[in-house]
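Descriptive structure summary
Below are the chains, spelled out letter by letter.
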Number of protein chains: 4
Amino acid sequence: MGKSNRGFASDNNAGVHPAVMNALASVNEGHVIAYGDDPFTADAVGRMKEIFGGQSEIFFVFTGTAANVLGLDAGTSSHHAVICPDTAHIHVDECGAPEKFTGCKLLAVPAPDGKLTVDLVKGQMRGIGFEHHVQPRVVSITQSTELGTVYTIDEIREIAAYAHDQGMLLHMDGARISNAAVALGTGFSEMTGGAGVDVLSFGGTKNGMMYGEAVVFFHPGLARDFRYRRKQGMQLASKMRYIAAQFSAYLEEDLWRKNALHANRMARELHGAVKDIPGVTITREVESNAVFAIIPREVIPLLQEHYFFYVWDEETSEVRWMCSYDTTREDVNGFASLLGSLLERSR
Amino acid sequence: MGKSNRGFASDNNAGVHPAVMNALASVNEGHVIAYGDDPFTADAVGRMKEIFGGQSEIFFVFTGTAANVLGLDAGTSSHHAVICPDTAHIHVDECGAPEKFTGCKLLAVPAPDGKLTVDLVKGQMRGIGFEHHVQPRVVSITQSTELGTVYTIDEIREIAAYAHDQGMLLHMDGARISNAAVALGTGFSEMTGGAGVDVLSFGGTKNGMMYGEAVVFFHPGLARDFRYRRKQGMQLASKMRYIAAQFSAYLEEDLWRKNALHANRMARELHGAVKDIPGVTITREVESNAVFAIIPREVIPLLQEHYFFYVWDEETSEVRWMCSYDTTREDVNGFASLLGSLLERSR
Amino acid sequence: MGKSNRGFASDNNAGVHPAVMNALASVNEGHVIAYGDDPFTADAVGRMKEIFGGQSEIFFVFTGTAANVLGLDAGTSSHHAVICPDTAHIHVDECGAPEKFTGCKLLAVPAPDGKLTVDLVKGQMRGIGFEHHVQPRVVSITQSTELGTVYTIDEIREIAAYAHDQGMLLHMDGARISNAAVALGTGFSEMTGGAGVDVLSFGGTKNGMMYGEAVVFFHPGLARDFRYRRKQGMQLASKMRYIAAQFSAYLEEDLWRKNALHANRMARELHGAVKDIPGVTITREVESNAVFAIIPREVIPLLQEHYFFYVWDEETSEVRWMCSYDTTREDVNGFASLLGSLLERSR
Amino acid sequence: MGKSNRGFASDNNAGVHPAVMNALASVNEGHVIAYGDDPFTADAVGRMKEIFGGQSEIFFVFTGTAANVLGLDAGTSSHHAVICPDTAHIHVDECGAPEKFTGCKLLAVPAPDGKLTVDLVKGQMRGIGFEHHVQPRVVSITQSTELGTVYTIDEIREIAAYAHDQGMLLHMDGARISNAAVALGTGFSEMTGGAGVDVLSFGGTKNGMMYGEAVVFFHPGLARDFRYRRKQGMQLASKMRYIAAQFSAYLEEDLWRKNALHANRMARELHGAVKDIPGVTITREVESNAVFAIIPREVIPLLQEHYFFYVWDEETSEVRWMCSYDTTREDVNGFASLLGSLLERSR
């Protein structure tokens, strides 16, 4: 790697923000009841409810995959289907966890920018009421998407309206919801429950937390059996206070916003610094904290000697560069400069 | 509660040991690859392999329930059965997670002291080779048991020998394995792989860690697909270094042993302090860090005003008092003294 | 075997009643729409609804195991539990199919005569509302039981009342429901929906049909998604008319009653013919078409050379003799006479 | 409908062939052991083994969906994936039964003629060895396909070779395997085990049987636990002799061949009779017993008044006409003639 050991592999390669680390220490005194019946959890849930409204129900789990799977589970039976883009994390990066736990089929739709539209959803509405077919029950979108793009609030509203009209729920995978919120310049609520989202996976691990995600239900009915499903899904933390403390710190003084603003800004700067280098083709809109580009195949390992990152598509030689809350301008400039010289040399 | 806020509800009501907390901070520098491909995880796995032998395979997960479920899953198909005592955590405290994930039936055997014997296992060996019956495939024991008792190494050996003879595996739920090891005055290996255990859930959360447990396989074949199952089971931590760091600290300088020795000692002292109080009937052997007793029903809420603990059996008015690594002699004496005066007053 | 090849192994060793066989031929003309949208299915469903009431919903599946599993599935989620006697077919004879498909845990209660009581059910009502525990949701009884005993209508009513009071459903495995109905001298409805049963597996295969069972729901709400679950459970027959035709024939002119009356009568005669033979100990009340007895171990294989039957309990040398609709008085007398001489010789 | 009540909806709308019906009656004498341990089942299995070779293992189940699901289950764990065309019955017509029972994800590939190729399979071989991805484990093809096309033996061999090279299995859904065999002028074995198929769903219901399909394993290892899985999958018939008898009759004197030859011939004649009618566009190769065509939308209901059939694609107005073993030349001519006049009138 470069002078630092920071790369552009993933925002989850970063460590824990000092404010979060301090929060862990701050709740480490004495005994509290396990499994969430403690004041620290009450505090964190209270802060979340302030954001998402009094009708919302909040539950902490360990991972983003768990938040997605258990959130989808809450609205479905095994003969249902979940409509999602074919780039969705639930479809390609969770090793079949949604199918395993919910029994549902995922209907994955090609969506070049990682975003569903009403038309794409409509194309999957087949065999409704026909017992030979799985029945579409949830539409799942990721905000910001796996390709770094961001749904506008209007786009979310349209999908939500169509889904509800068809008796379906709208699920949002918000593993990078903070990056999306700052990209849109909005709060969490307007983009989620306020736009018609029914179930939200609210993530913080990629933006400075250590572990722990939240499932947010916008209708209490959906949450009815969640406590049992969370335990059955092996996601009930005994020492819950340490997840709760992270969330409280994350929401305190807008830590989430500062971190995400920084990560997005670094991505914009990275984009600016590399987009005109000959040999670099930017492949996706840079709307949050990811930059996707096609670069010559032979340059990749040379670059990876100094900065770790992942190849997104082996066939096209497309790579992904993620920025995180702790990416520095030096990282960005050092990276862009190295890329420039490698590409110059390779010509 | 008393002067402190420490009760006797559960060892997971305690906080995180300072050495573990320091370890979290010590690995918080810079970027490392996510999902376990990092030097901190390599270090922790290496320490575990030193203990459990080069043939062992080590995987970190989030919770004890997950360690149990995924460990059982590794050796089974859904038409198999798991034989366990009817007090087993997998049977009564995991909300059906084993059935949900593995599909297997649990054959739960009444065992008054929480310990299986070869004879009790034999009684469940019915319908072998008969397609209408689930096929016993795993025997699961808990060390130390949910009733605070401890299997001797010979007892484990006998069950293992019988299980292997019948083509079955032996699983050990080691949520409190440290308390058992110090009770027996032995190391981890002699009591597990060395005694014939095939799969072990190795727990530390109840003995000073924050979160994270390990699944230990004693035959590499059993671990073959575990990486996929862990991900599918929603148990793959992205920031794995923070689980690993806890394990390294836990094994460093025998922290596990000091903590467990202390908790067990406190239980013995508690036992000594209450056993002769009129109105107290000790109901189980005090072999690790739990004391079980029957006390008059009406005294329970009065006692709970000062020290939180759980009623184990509503019908018989049996209660459970757990000691943990941070229980103090003052806690024990204060509790015993309060119990004594409450009982005296109630006569 | 004796002069005939009929034994006492099981009522499903018998063939198909001629009236049922004729019914199959009678619907074999031309094309009809597959999967149940045909007039023959409408006829059979109509006959069932006449019996069970206009609020009932009727679905055909292939096997009794399927009827049980899909019936239990309709009222449950995977964190629920099903309370049943430990002799229940769903617990010991379905190779874990209920757990596999529904994810639920079965709470199996020792019940010496194969019959649950309210007290036995109460003993399983633990951890209600506690997320670490599976939540009891269905009580399942078998009528007539696996031990040949029969619940009275009052006994069913009491269990139903308790179950409903606790927010639970009552499921009845009616694999031998006809034998129970004639034993009680009642119709199907009084003993099922009329007594509070919510879901019924209605069997005919053991009483003269070839294949096919019915799931009967007594509340339309329970049946809401059943069509999909049946298909997903691999139980939707394409050529449904042939299951339907059997049911129509079975209900026509009380074929079910004649067959069951005969089978029960043969069991009573068998009981009468053997009960006083020295060396024979009758072990269960003979209330339907089964006779259970303990006989000397060494006599069993000699008897089995002529009449096939199953050993129920290897340890106690208890055997089960089932009578069926085609058992003859000659079978009974021949069997009793052979048993008598074998026992005389063995003394 | 026309003079007869036979339509072109599906080959499973036809009744049971008289020879099969006679076979049912012929095994209806006396008692035999249930669940397959009877001479009739031995006979049918023996006949199947003669066809498929001594290494093959044969199991009867109730439905084609069950044969597919349980066959796929035998080679997979829940973190595996099944690659299939997006027209596959397992993907679109089984209400998620494969996902529910096996836990696996289906990777469905667009394949315009319903046939996979090695290139199409290769396109799904992503993330091999990467724990975030499901691992491709089975390739599933349908013979003849859901679009009426037929794989050549060489095409099957190529897919098998590639699959095996990648450590995968080849599954064949043979719901209409007889139609494919006569289309290719070959026997069953050359097209299945002989061409590299590992697991076969062997269907007869669509070609003159009443119910019952067979799962054929070409390696005994795959069949090891099948007996238990079949029972757990609710597919073990108690009165197995009646499935067995159908298979024996079906294989006796090449009944399967005569029936399939006839159905295919009728499809060819139907194709010949309609293909040149103005307004009819044949959309798929007519290689087995199906004819696919686009006809004007408004004609469909008029035609359906006389002959029932299904619309395959609402958007394009494509319809499917299936011929069966009992389709007559009069049916074909009457249908073609009616279609001709309706189309003439609609111009």
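Report on the accompanying structure. Because the structure is a prediction, the values reported are computed rather than measured.

**Overview of the packing of helix α8 (residues 177-184) of chain B against helix α12 (residues 255-274) of chain B**
All names here are of chain B. Relative orientation of the contacting elements α8 and α12 amounts to 75°, with a least axis distance of 8 Å. In terms of their interaxial angle, α8 and α12 are classed as roughly perpendicular. Contacts between α8 and α12 involve S178, N179, A181, V182 and A183 from the former and W256, R257, A260, L261, A263 and N264 from the latter. For the contact of α8 with α12, a count of residues per class yields seven nonpolar, three polar and one charged.

**What to know about the pairing of strand β11 (residues 318-322) of chain A**
Residues and elements named next belong to chain A. Extensive coverage of β11 is indicated by the burial of five of its five residues. The side-chain alternation of β11 yields two buried faces, one formed by E318, R320 and M322 and the other by V319 and W321. Note: strand β9 (residues 290-294) against β11, five bridges, orientation antiparallel. Its bridge partner being in β11, I294 is matched across the sheet by E318.

**Considerations on helix α7 (residues 153-165) of chain A**
An α-helical turn contains 3.6 residues, so any two residues separated by three or four positions project in the same direction. Residues and elements named next belong to chain A. For α7, with 13 residues, the first-to-last C-alpha span of 18 Å sits near the 18 Å given by 1.5 Å per residue. Residues of α7 that are buried sit in contact with α6 (118-122), β4 (135-142), β5 (169-174) and α9 (188-191). Within two residues after α7, G167 carries a phi angle of roughly 75°, on the positive side.

**As for the nonpolar core**
In terms of nonpolar packing, the biggest core is built from 129 residues, with F60(A), F202(A), F60(B) and F202(B) touching the most fellow members. Among residues more than four places away in sequence, those in contact with F202(B) are M48(B), F52(B), G174(B), I177(B), F188(B), E213(B), A214(B), V216(B), F247(B), Y250(B) and L251(B). Membership of the second largest hydrophobic core comes to 128 residues, among which are V16(C), A23(C), A181(D) and F218(D).

**A look at the packing of helix α1 (residues 18-26) of chain D against helix α11 (residues 241-251) of chain D**
Residue and element names in this part refer to chain D. Running from N to C, α1 and α11 point in directions that differ by 140°, and their axes come no closer than 8 Å. The angle between the axes of α1 and α11 places the two elements in the oblique class. α1 and α11 meet at a crossing whose hand is right-handed. On α11, the residues that touch A19, V20, A23 and L24 of α1 are Y242, A245, Q246 and A249. Considering only residue class, the contact of α1 with α11 consists of seven nonpolar, one polar and no charged.

**Thoughts on the interface of chain C and chain D**
Every contact between the two is made by 53 residues of chain C and, on the other side, 54 residues of chain D. Summed over both partners, the interface of chain C with chain D buries about 4,500 Å², with 57% contributed by carbon and sulfur atoms. On the chain C side of the contact with chain D, H31(C), M234(C) and K239(C) bury the most area, a combined 20% of that side's loss. Linking chain C with chain D are zero salt bridges. The interface formed by chain C and chain D holds 38 residue pairs in polar contact (both at pLDDT 80 or more) in total.

**Remarks on the sheet that holds strand β10 (residues 310-313) of chain A**
All names here are of chain A. Strand order in the open sheet formed by four strands is β8-β9-β11-β10, with antiparallel pairing between adjacent strands. Strand pairing shows two members of the sheet lacking a second neighbour, β8 (281-282) and β10, which therefore form its edges. With three bridges connecting them, β10 and β11 associate as antiparallel partners. Bridge assignment links D313 to a residue of β11, and that residue is E318. Against the sheet, helix α12 (residues 255-274) touches β8, β9 and β11, its axis set at about 25° to β9.

**A look at the relation of the copies chain D and chain B**
Here chain D sits on chain B after a turn of 180° about the axis and a move of 0.0 Å along it, with an RMSD of 0.0 Å. As the rotation angle and translation indicate, the two copies are arranged about a two-fold axis. Scanning chain D for the C-alpha nearest the rotation axis identifies S77(D), at a separation of 4.3 Å. The share of interface residues of chain D whose copies in chain B are also at the interface is 100%, consistent with both copies meeting through the same surface.

Criteria and thresholds
Residues numbered from 1 in each chain as written. Chains lettered and ligands numbered in written order. Predicted model: local features only at pLDDT ≥ 70, side-chain atom pairs only at ≥ 80, totals over all residues. Heavy atoms only, no water. Axes fitted to C-alpha atoms, helices over the stretch in contact; angles between N-to-C directions. Helix = DSSP H or I, 4+ residues; strand = E, 2+ residues; numbered from the N terminus. Parallel < 35°, antiparallel > 145°, perpendicular 65-115°, else oblique. Contact = heavy atoms within 4.5 Å. Nonpolar A, V, L, I, M, F, W, Y, C, P; charged D, E, K, R; others polar. Buried < 20%, exposed > 50% of the residue type's maximum accessible area, 1.4 Å probe, protein only. Pairing = 2+ DSSP bridges. Expected span 1.5 Å × (residues − 1). Core = buried A, V, L, I, M, F, W, Y, C linked by side-chain atoms within 4.5 Å. Left-handed = near helix turned anticlockwise from the far one by under 90°. Buried area = accessible area lost by both parts, 1.4 Å probe. Salt bridge = Lys/Arg side-chain N within 4 Å of Asp/Glu carboxyl O. Polar contact = N/O pair within 3.5 Å; in protein donor to acceptor, adjacent residues only side chain to side chain. Least-squares fit on C-alpha atoms with pLDDT ≥ 70 in both.

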